[in-house]
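Okay, here's what each chain looks like letter by letter:
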Amino acid sequence: MTVETQIPLLDEILEPWKPVIGDDFEGYKNHVTRMLNFCFYLAIPNEVERKKLIIAAAFHDIGIWSDNTVDYLPPSIKQSREYLQANNLEEWTEEVELIIGEHHKIRPYKNKRYPLVEWFRQGDLVDFSLGMIKCGVPSTFITDVKKALPNAGFHKRLVQLTWQQIKKHPLNPAPMMKW
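Residues numbered from 1 in each chain as written. Predicted model: local features only at pLDDT ≥ 70, side-chain atom pairs only at ≥ 80, totals over all residues. Heavy atoms only, no water.

Undergrad: Explanation requested: the overall build of the protein in the structure shown.
TA: Within the protein, the regular secondary structure consists of 10 helices and zero strands. Each helix (α) and strand (β) of the protein, taken in turn from the N terminus, gives the series α-α-α-α-α-α-α-α-α-α. In summary, the protein has a C-alpha radius of gyration of 15 Å against a globular reference of 16 Å for 179 residues, a match within 12%. In terms of overall dimensions, the protein has a C-alpha envelope of 45 × 40 × 35 Å along the principal axes. In the protein, which comprises 179 residues, the share counted as buried stands at 50%. A separation of at least 24 residues holds for 65% of the contacts in the protein among residues at least 6 apart in sequence. Working note: accessible area of the protein is about 9200 Å², and carbon and sulfur atoms make up 55% of it. Taking the average place of the 22 positive charges on the side chains of the protein and the average place of its 23 negative ones, the gap between the two points comes to 7 Å. (Helix = DSSP H or I, 4+ residues; strand = E, 2+ residues; numbered from the N terminus. Rg over C-alpha atoms; globule rule 2.2 N^0.38 Å. Buried < 20%, exposed > 50% of the residue type's maximum accessible area, 1.4 Å probe, protein only. Contact = heavy atoms within 4.5 Å. Areas by Shrake-Rupley, 256 points an atom, 1.4 Å probe, with all protein chains shown as cover. Lys, Arg positive; Asp, Glu negative; His and termini not counted. Charge placed at Lys NZ, Arg CZ, Asp CG, Glu CD.)

Put into C-alpha cells, the structure is as follows:
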C-alpha cells in the first residue's frame, strides 16, 4: 500500500484552523494523515467511507485547540457537527460523532452498523502508540508512514497537555478516555 501524504479534503478542512492550532499545526496535520493511512489500510474504504473518515479525522482532536482543553471530545464533536451541517452532510452526523466520541475507547467498539468507528479507533491507536500497538498494520507500513509524515512535536505536545491536566485535575488525568 502506498503512503498518502496529501489528502485534499483534509487540507481543505484544516486550512481555516491553521491560526487556531498555531505552532502545533504541522504536528496535528501529520498525526491526522498518519492515522488516516492506518485507517485506510485497515478499512479499505469506498469513497463515502473515506470521506467520513477524513472528516472525522480532521476534527477528532480539534477541541484541544478550539476550546483549549484536554477534555476535547465534546468540543471536537461540536465542530464536526457544524462542518457537516454547513456542507449538507447532516445524514452522516450520528456516525461521525460516534467515530470521534469513541476513538479513545479502551475496548473494541462492537456495533456492526458502524464498522468505521472501530477502524478509526485502531488507526488512531496505532499512531498514538507510535506504532507499538499495531492493530494488524504491518511494521513496514508503519515505518513508511512515520518516515513520510514526521511527528513534528505532536506527541511531545500531548505529554505537555497531559501534564497540565494532571496538575489541574489529578483525579481526572485523561477525561477523553472511555472504558
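Undergrad: In this structure, what is going on with helix 9 (residues 139–148)? I would like to understand it.
TA: One full turn of an α-helix is made of 3.6 residues, so residues set three or four places apart face in the same direction. Those residues of helix 9 not exposed but buried are Phe141, Ile142 and Val145. Relative to the axis of helix 9, the buried residues are bounded by an arc of 100° and lie together on one face. Residues of helix 9 that are exposed and point more than 90 degrees away from the buried face comprise Thr140 and Lys147. (Arc of directions from axis to C-beta.)

Undergrad: Help me understand the packing of aromatic side chains in this model?
TA: The description of two aromatic rings rests on the distance between their centres and on the angle between their planes. All chains considered together, the criterion is met by six aromatic pairs. Aromatic side chains Tyr28 and Phe154 sit 6.4 Å apart centroid to centroid with 40° between the ring planes, which places their arrangement in the tilted category. In this pair, Tyr28 sits in helix 3 (residues 25–43) while Phe154 sits in helix 10 (residues 154–168), placing the two residues 126 residues apart along the sequence. The pair formed by Tyr28 and Phe154 is uniform in burial state, with each residue classed as buried. With a centroid separation of 5.5 Å and an interplanar angle of 45°, the aromatic rings of Phe59 and Tyr83 are classed as tilted. Highlighted residues: Phe59 in helix 4 (residues 47–59) and Tyr83 in helix 6 (residues 73–86), separated in sequence by 24 residues. (Phe/Tyr/Trp six-rings, centres within 6.5 Å; stacked < 30°, edge-to-face > 60°.)

The values are spatial; any link to function lies outside them.
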